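Structural features, examined
Here are the chains, one letter per residue:
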Amino acid sequence: MTDSKYFTTTKKGEIFELKAELNSDKKEKKKEAVKKVIASMTVGKDVSALFPDVVNCMQTDNLELKKLVYLYLMNYAKSQPDMAIMAVNTFVKDCEDPNPLIRALAVRTMGCIRVDKITEYLCEPLRKCLKDEDPYVRKTAAVCVAKLHDINAQLVEDQGFLDTLKDLISDSNPMVVANAVAALSEIAESHPSSNLLDLNPQSINKLLTALNECTEWGQIFILDCLANYMPKDDREAQSICERVTPRLSHANSAVVLSAVKVLMKFMEMLSKDLDYYGTLLKKLAPPLVTLLSAEPELQYVALRNINLIVQKRPEILKHEMKVFFVKYNDPIYVKLEKLDIMIRLASQANIAQVLAELKEYATEVDVDFVRKAVRAIGRCAIKVEVRAALGDRACVSTILVQVGYESVIATLCENLDSLDEPEARAAMIWIVGEYAERIDNADELLESFLEGFHDESTQVQLQLLTAIVKLFLKKPTETQELVQQVLSLATQDSDNPDLRDRGYIYWRLLSTDPVAAKEVVLAEKPLISEETDLIEPTLLDELICYIGTLASVYHKPPSAFVEGSRGVVHKSLPPRTGSSESAESPDTAPSGVQAAEQPAVIPTQGDLLGDLLNLDLGPPVSGPPLTTSSVQMGAVDLLGGGLDSLMGGSGTFAPAPSTAVPATLGAPLSSGLGDLFDLTGGVGTLSGSYVAPKTVWLPAMKAKGLEISGTFSRQVGSISMDLVLTNKALQVMSDFAIQFNRNSFGLAPAAPLQVHAPLAPNQSVEISLPLNTVGSVMKMDPLNNLQVAVKNNIDVFYFSTLYPLHILFVEDGKMERQMFLATWKDIANENEAQFQIKDCSLNADAVSSKLQGSNIFTIAKRNVEGQDMLYQSLKLTNGIWVLAELRIQPSNPSFTLSLKCRAPEVSQYVYQAYETILKN
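Every value quoted in this text rests on a predicted model; they were computed, and no experiment measured them.

Of regular secondary structure, the chain possesses 36 helices and 13 strands. When each of the 920 residues of the chain is scored for burial, the buried share is 51%. A fraction of 67% describes how many contacts in the chain between residues 6 or more apart in sequence connect residues 24 or more apart. Here the chain has roughly 42,200 Å² of accessible surface; of this, 51% comes from carbon and sulfur atoms.

In structure tokens, the structure reads:
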């Protein structure tokens, strides 16, 4: 007979009967009684009154009975702590039982009884079990340490259990190693500052050896631990990858994903030129494809992880498009995820195949899926427009609109009455407003919607208001009555605050400044790019470190959904190796130059991603890069640049040609936002150092209404960042803070960002933030790139800007003549760079005076064959000396600048500083 009989009794007075049976002399009767107690406990009955009687049953050799009693103890010990102490002696005794199963059972139960009074009694038995001769007992004791640490961390540290746990990593039994790793990882997560898993090549080797022999969950613990290790070089990374690769063929999907996580991390350190790199890419595809043959729930988890992998390394699955084709019996959540991955893998090679498949999906019966399929065709069109040939574009256009986008407008207008969903009606209204100048009867179409204005959804009402205002700005004479009607409906007859506010804004704009209204309402739309829906690179790199966890399913870092301190440690991919620069040798200094004066070599950036996630200001904001008409954006190397959210309005952030002068270094922007927000012209400082006009660094539309303009200045040895914060949102902004990422010259805020009063809507505040150069150093590309995070009560916002190098020219940069001569000769000729400064009509004295104001000192001047030769020196804040020879020919507006420096990478930026100072 099965144990179900224990759950069917509903007798009254049951407790008294059970009490009598528990105290029976017959072992079988006693066991039956305990089973009844456990059954009652399981269905929610309160059987805590039987606690002393059940505890008395612990004194038995019967393993089944002992397990049942221990189960009861774990459940009720917290509510009966005084009674639970009665069981301590039995635990201690059981920990020395000759049967290893009983020893392990005792230590497991001890760890589950979360009562402070009992824990101190359990330290000695636990210490013995950690050094037990049987591996089953040791592996159970290892997990018990983690449980005890959760109850009383200080006790575990004082008793030295953590050191014993670390020793177990070297245990001969693989399951003991796996449990020790799991316990240490658990403890380390709850105490991020503790360096418990201090892994080294020796311990890594032991883990990799244990990996082959332990159970599947043990393998997952070890693989997750390996993922947190940082190999010392690419050779070690490759060695680990080779030993982890066999796990890809494991039957357990969790083991496969953990192995993929390790390989994805360590691939960052491998050169793409290596044969092994290509082999690894090929090995990663089959296991990921195999995961898609599992049940739908597992498929979904696999697809969410594959989505991240494809964004990071699309080459892994570029030949596996067919496995992502939707099956008729796939659940909708699997279908939608497959569609997303298909778009990401779409390329010139497979676009025809993808479009044929999407065309089929567009005829399905599931409305949500059909919508997604149609959108997918549009996304493919964007992708193909960027990458593919005209023939493929024609293929996309054919499926979409037969002959082109705009030709379909007339057809859409004819079918207005058939649109019944608010989203579709709003989209149609937007089309009519956007292309009003090409639609002859646009006013009639929009007027037809006005008849039932109050019956429409808010989404449609808002879109209709904007569309009619657009129409009015394009055809003012014909639509005055219409715009008056919609503004009246929105402001006087509506009780929706959003609609009313927008109506009033348009009304005031149109009545006070129609030109400004045109600039606002008919502003150029942000460019739709294939990157629009990608996860931002810094967040993507963090999510790659969480493959196989909930973070990879939610596509959010743990800090976004885990409460408390656990699990909020930010992770990032390792930097690529092979890009470090050797330090300059002090013995190369010329005679007379002290070692202290020797220029420090700037550490390299390599491909290291920006550490803005580690600023402790909050999670990053994902979003597409914004392109404005006033700024020429280069092809941004999102992975090499460190920060993806490069704002429009502060210059070109792509590796620019050597002659390009970034907008922050040169003249103010000539149009668009540059003119609108050019709040100051170059303000003179006490030392006469040139200050560039303020430009918009962070546009309001990219920072939820916060606009940041700024410039850099140097006054009597002090560097400052002069900011204007403008609140263009509808809510008050407060709690401002600022932080810089590591940069080439260690620039960092010298004081907190002081905004003394909350910033009300439409208010601006000017702030001068003092800077120093004692921050962390990392070579950037370009060298003068500065990545900034600004936090307020709304969110954290990121932007990059270029600072002019002359703010780093120090006041004691004038060399003695003899030292200048010796240093010039000593610096190798390969380190000399020549530049032309054109269209400069100043004479030698004016040039010398102007440059001295920015700490570029003239050491000597001489005239050779009618040419003025200025010999100059300057010194950067990090001790790098730059020597210059400037040739000025009175009749020629072009100057020749020769620069010599031990760190030649700065010469380009020094030249830009010269040009900026002399031309402004």
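Read on for the rest.
Following the sequence through the fold, Arg 902 ends up in the loop between strand E13 (895–901) and helix H36 (907–919). Looking at Arg 902, the relative accessible area reads 15%, which means it is buried. Within the local environment of Arg 902, its side chain forms a polar contact with the side chain of Asp 826, the two groups lying 3.0 Å apart.

With that settled, consider the nonpolar core. Counting 145 residues, the largest nonpolar core has Tyr 72 and Phe 91 as the members making the most contacts within it. Excluding residues within four positions of it along the chain, Tyr 72 makes contact with Val 37, Ile 38, Met 41, Val 47, Ser 48, Leu 50, Phe 51 and Val 54.

Throughout the structure, instances matching the rule amount to nine aromatic pairs. Centroid distance Tyr 361 to Phe 369: 5.2 Å. Interplanar angle 45°. Geometry classified as tilted. Residue classification places Tyr 361 among the buried residues on the basis of a relative accessible area of 3%. One aromatic cluster in this structure is built from Trp 697, Phe 712, Phe 799 and Tyr 803. If you follow Lys 335 out to its NZ or CZ, it ends over the ring of Phe 369, 5.2 Å from the centre.

Turning our eyes to something else, we now look at helix H19 (residues 296–312). Over its 17 residues, H19 runs 24 Å from end to end, which matches the ideal 24 Å to within 8%, given 1.5 Å per residue. Taken as a whole, H19 has its buried residues at Gln 299, Ala 302, Leu 303, Arg 304, Asn 305, Ile 306, Asn 307, Leu 308, Ile 309, Val 310, Gln 311 and Lys 312.

On the surface, Glu 444, Glu 447, Glu 451 and Glu 481 cluster together into a negatively charged patch. Inspection of the secondary structure assignment puts Glu 444 in helix H26 (residues 442–450). Under the relative-accessibility criterion, Glu 444 is labelled exposed at 55%.

Enumeration according to the criterion identifies 31 salt bridges in this entry. Measuring nitrogen to oxygen at the nearest pair gives 3.5 Å for the salt bridge that ties Lys 312 to Glu 268. Taken together, the residues Lys 312 in helix H19 and Glu 268 in the loop between helix H17 (253–266) and helix H18 (275–291) connect sequence positions 44 residues apart. You can call Glu 268 buried: its relative accessible area is 7%.

The rules behind each value
Residues numbered from 1 in each chain as written. Predicted model: local features only at pLDDT ≥ 70, side-chain atom pairs only at ≥ 80, totals over all residues. Heavy atoms only, no water. Helix = DSSP H or I, 4+ residues; strand = E, 2+ residues; numbered from the N terminus. Buried < 20%, exposed > 50% of the residue type's maximum accessible area, 1.4 Å probe, protein only. Contact = heavy atoms within 4.5 Å. Areas by Shrake-Rupley, 256 points an atom, 1.4 Å probe, with all protein chains shown as cover. Polar contact = N/O pair within 3.5 Å; in protein donor to acceptor, adjacent residues only side chain to side chain. Core = buried A, V, L, I, M, F, W, Y, C linked by side-chain atoms within 4.5 Å. Phe/Tyr/Trp six-rings, centres within 6.5 Å; stacked < 30°, edge-to-face > 60°. Lys NZ or Arg CZ within 6 Å of the ring centre and 35° of its normal. Expected span 1.5 Å × (residues − 1). Patch = residues over 30% accessible without salt bridge, like charges linked within 9 Å, V, L, I, M, F, W, Y side chains within 5 Å. Salt bridge = Lys/Arg side-chain N within 4 Å of Asp/Glu carboxyl O. Lys, Arg positive; Asp, Glu negative; His and termini not counted. Charge placed at Lys NZ, Arg CZ, Asp CG, Glu CD.

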